[in-house]
Amino acid sequence: MNSRTECIKKLVSGSFDVLIIGGGITGAGIALDAASRGLKTALIEKNDFAWGTSSRSTKLIHGGLRYLKQLEFGLVKEVGSERAIVHKLAPHLVVAEKMLLPLKEGRGFGTLLTSFGLKLYDWLAGVKEADQRKMLTRHQTLRHEPLLKPVGIKGGGLYAEYRTDDARLTLEIIKTAISYGAVISNYVEANAFQYTHEKVSGVTVTDQVTQRSFPIQANQIVNATGPWVDQLREKDKSKTGKTLHLTKGVHIVVPREKLPVQQSIYFDVPDGRMIFAIPRGRTTYIGTTDTDYVQDIDHVVTTQEDANYLIDAVNDSFPAVKLSLNDVESSWAGLRPLIHEEGKSASELSRKDEIFVSHSGLLSIAGGKLTGYRKMAERVVDMLAERSERDDLLECFTDKISLNKNNFNNADAVSEFKQKISAQLASFNLAAYTDYLIENYGRQTEEIIRLLAACSDADSSMRLVRAELKFTVINEMVISALDFFIRRTGMLFFDMPRLLLVKDVILTDMKSLMHWDATQLQAEQEKLEQAIREARIAPLNSSP
Ligand code: FAD
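A brief report on the enclosed structure follows. Computed from a prediction, not measured in an experiment: that's the story for all the values here. (Residues numbered from 1 in each chain as written. Predicted model: local features only at pLDDT ≥ 70, side-chain atom pairs only at ≥ 80, totals over all residues. Heavy atoms only, no water.)

Attention now moves to the environment of Gln419. Relative to the helices and strands, Gln419 resides in helix α11 (residues 411-426). The sequence separation of Gln419 and Thr434 amounts to 15 residues, and the corresponding C-alpha distance is 8.6 Å. (Helix = DSSP H or I, 4+ residues; strand = E, 2+ residues; numbered from the N terminus.)

The first and last C-alpha atoms of helix α18 (residues 518-535) sit 26 Å apart over 18 residues, in line with the 26 Å expected at 1.5 Å per residue. Contacts made by the buried residues of α18 are with β16 (330-339), α15 (481-488), α16 (491-494) and α17 (496-514). Residue Asp517 occupies the N-cap position of α18, its side-chain oxygen lying 3.1 Å from the main-chain nitrogen of Thr519. One or two residues past the end of α18 sits Ile537, with phi positive at roughly 60°. (Expected span 1.5 Å × (residues − 1). Contact = heavy atoms within 4.5 Å. Polar contact = N/O pair within 3.5 Å; in protein donor to acceptor, adjacent residues only side chain to side chain.)

Let's shift gears to the site of the ligand. Near the ligand, the surroundings consist of 39 residues, among which Thr26, Glu45, Ser54, Leu60 and Thr371 are the closest. At 2.9 Å from a nitrogen atom of the ligand is found a main-chain nitrogen or oxygen belonging to Thr58. Between Lys369 and the ligand, the recorded distance is 3.5 Å, taken from a side-chain N or O atom to a nitrogen atom. In isolation the ligand exposes 1000 Å². Once the protein is present, 97% of that is buried. If you list the elements that add at least two residues to the shell around the ligand, you get α2 (25-37), β8 (188-196), β11 (244-255) and β16. Of the residues belonging to the shell around the ligand, the class tally is 13 nonpolar, 19 polar and 7 charged. (Near = heavy atom within 4 Å. Areas by Shrake-Rupley, 256 points an atom, 1.4 Å probe, with all protein chains shown as cover. Nonpolar A, V, L, I, M, F, W, Y, C, P; charged D, E, K, R; others polar.)

The next thing to look at is the pairing of strand β13 (residues 274-280). Among the 7 residues in β13, 5 count as buried, and that is most of the element. Two strands pair when backbone bridges link them, and strand β12 (residues 264-268) and β13 are joined in this way by 4 bridges, in the antiparallel orientation. Across the sheet, residue Asp268 finds its bridge partner in β13, namely Met274. Between β12 and β13, which pair antiparallel and follow one another directly, the connecting turn spans 5 residues, one of which, Gly272, has a positive phi of 95°. Judged from the 5 bridges that link them, β13 and strand β14 (residues 283-287) form a sheet pairing that is antiparallel. Considered in β14, the bridge of Ala277 is made with Ile286. Counted between consecutive antiparallel strands, the loop separating β13 from β14 contains 2 residues, among which Gly281 sits at a positive phi close to 55°. (Buried < 20%, exposed > 50% of the residue type's maximum accessible area, 1.4 Å probe, protein only. Pairing = 2+ DSSP bridges.)

Applying the stated rule across the entire model yields 2 cavities of 30 Å³ or more. Its volume calculated, the largest cavity comes out at about 50 Å³. When residues of the lining of the largest cavity are traced back to their parent elements, those giving at least two are α2 and α10 (373-388). Along the lines of polarity and charge, the residues of the lining of the largest cavity split into 6 nonpolar, 2 polar and 2 charged. (1 Å grid on protein atoms, 1.4 Å probe; cavity = no way out; pocket = protein on both sides within 12 Å on 5 of 7 lines; lining within 4 Å. Points joined across faces, edges and corners; volume = space filled by probe spheres on them.)

Attention now moves to the pattern of salt bridges. Taken as a whole, this structure holds 45 salt bridges when the rule is applied. Here Asp483 makes a salt bridge to Arg487, at a shortest N to O gap of 2.9 Å. Taken as a pair, Asp483 and Arg487 lie in helix α15 at a separation of 4 residues, close to a single helical turn. We note that Asp483, like Arg487, is buried. Where salt bridges share partners, they join Asp48, Arg168, Glu172, Lys175, Glu476, Asp483, Arg487 and Arg488 into one cluster. (Salt bridge = Lys/Arg side-chain N within 4 Å of Asp/Glu carboxyl O.)

What follows covers the packing of aromatic side chains. Counted according to the given criterion, the structure contains 13 aromatic pairs. Between Trp51 and Trp228 the ring centres are 5.7 Å apart and the planes differ by 45°, which places this aromatic pair in the tilted class. Here Trp51 is found in the loop between β2 (41-44) and β3 (60-61), whereas its partner Trp228 is found in the loop between β10 (212-223) and α8 (229-235), with 177 residues between them in sequence. You can call Trp228 buried: its relative accessible area is 9%. Ring plane angle 10° and centroid distance 4.1 Å describe the contact between Tyr266 and Phe276, whose orientation is recorded as stacked. Of this pair, Tyr266 sits in strand β12 while Phe276 sits in strand β13, and the two are 10 residues apart along the sequence. Under the relative-accessibility criterion, Phe276 is labelled buried at 7%. Among the aromatic residues, those joined into a cluster by ring pairs are Tyr285, Trp332, Phe493 and Phe494. The ring of Trp332 has Lys59 lying over it, and the distance from NZ or CZ to the ring centre is 4.6 Å. Positioned over the ring face of Phe408 is Arg443, at 4.0 Å from the centre of the ring. (Phe/Tyr/Trp six-rings, centres within 6.5 Å; stacked < 30°, edge-to-face > 60°. Lys NZ or Arg CZ within 6 Å of the ring centre and 35° of its normal.)

Don't take any of this as a statement about function, it's just geometry.
The following block contains the structure:
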């Protein structure tokens with residue numbers, strides 16, 4: 001990644017074919033597609049990359065089994081087929097995961113209908129025969145997951161999905177877009193649009209690091225701001241017709257030993273909704289809720305009520321577990337930027353994306369899924385290409401661009417690489433971090449090992465985290481401690497005990513790497529402590 005200062009210089013002086021506002025998965029995908037087809041592309045993000053919904057999802061690359069229930073065959077087919085493509089582009093980061101779907105008497109669909117539904121799901125998504133769904137007897141289901149309450153279990157289904165890290169996926173797409181020439185910066189906020197002959201031709205922005213304002217010129221502007229899409233449409237005076245309907249989704253994280261499920265499981269709760277429990281490293285995470293949200297969209301937190309809903313759901317299906325609020329190590333809350341449909345509840349709203357074109361030419365995209373980012377980007381860039389009336393632009397080929405040169409051919413190549421790296425890490429007493437490092441950084445782990453060799457801490461885990469910090473500051477535009485602890489490493493969600501051990505050393509390292517003064521250091525400390533309190537669901541986080 002180029003240095004942020006250089007990017008800002010290019011944004012100030014350049015004039016672009018397209019400027020994308022929003023550095024979540026949607027904006028990142030559009031930037032890569034546009035730059036790789038030959039458009040001079042810029043992207044700005046007002047916080048950190050993936051700061052919005054794209055770091056707060058269930059972190060699955062999935063076809064959305066439940067959308068079959070809503071008869072959204074087109075959506076299931078598109079996102080279902082995308083799973084295999086996104087896996088191929090980054091097999092270290094998008095990892096195959098079997099999902100167990102227990103079937104209960106008197107709840108959900110019957111065995112036959114589920115068997116047919118899963119078959120249809122596989123067929124729509126083009127799943128390879130070896131990976132296709134298997135139906136299980138009651139006995140087999142309980143053997144797969146001995147923690148399940150046996151009463152009422154009549155069987156189950158085992159089907160294929162993929163897990164990922166949403167923020168890391170977004171970041172690797174951003175880095176790949178930069179390698180195709182896109183000019184991209186975090187912490188640059190779009191404040192107002194500029195117009196030439198009533199057509200949008202630029203944006204006035206503020207660099208949140210220096211507080212300097214400047215204009216960016218572009219022939220076409222894309223509003224890919226997820227939950228903020230309507231705010232920008234309002235600035236463009238084009239918030240007419242369809243509007244967004246935001247729903248909040250919460251996940252809680254508990255130590256693996258508190259909910260030691262054998263594999264990912266998608267189970268139903270007494271109110272008829274479905275919830276995931278997903279093992280990840282030393283934890284299991286559980287989600288999600290789906291409730292209408294009308295409060296502050298720049299500050300969304302997990303309330304005790306949200307957490308209790310998930311805890312009750314777990315205790316209902318896994319009664320021996322006896323989870324309580326005290327077991328929750330961390331949590332996150334995000335907003336789904338869905339399109340409003342009159343009379344429909346949060347869970348009934350479609351997850352389909354839509355593109356709005358305003359009179360000024362501003363193109364806004366909303367809705368959609370993490371999983372479908374590539375196809376959403378293709379549709380937007382097709383429109384940009386058509387409107388640019390240029391005949392030198394390439395057709396979309398993002399299905400062939402492996403993410404950030406992590407060009408593993410397949411999952412076997414990732415396993416081979418893991419073996420090699422594990423041996424190297426063992427010499428630093430860090431072999432236990434092999435999976436985490438390779439699933440997070442892919443081949444870039446080699447660079448982290450080089451930095452590791454230059455660190456002199458006696459404690460190997462401290463040595464590693466300091467090497468990771470250096471790597472992410474140099475290569476991934478880390479500006480704040482939360483960029484590092486949430487969106488570069490996921491530590492605030494999935495390894496809170498380690499975060500508590502290393503945070504002071506990391507803040508001190510950041511002070512010298514980022515040239516912070518004492519006031520900046522204190523502000524960063526306070527932001528980090530607040531984020532820790534909120535993630536642990538301090539009693540103050542109750543619903544207003
Ligand atoms: P965002 O990620 O929110 O990005 C928009 C960005 O725009 C933000 O970072 C914001 O800071 C920036 N921005 C806003 N205003 C400005 C401005 N004025 N100037 C500059 N930047 C600005 N999908 C899946 O496929 N799989 C899942 O498992 C899954 N689980 C989910 C679980 C939950 C609880 C939720 C809420 C969603 C889930 N989704 C899932 C859906 C998926 O996460 C979202 O569709 C996707 O992340 C939306 O990405 P986005 O880029 O459109 O929005």
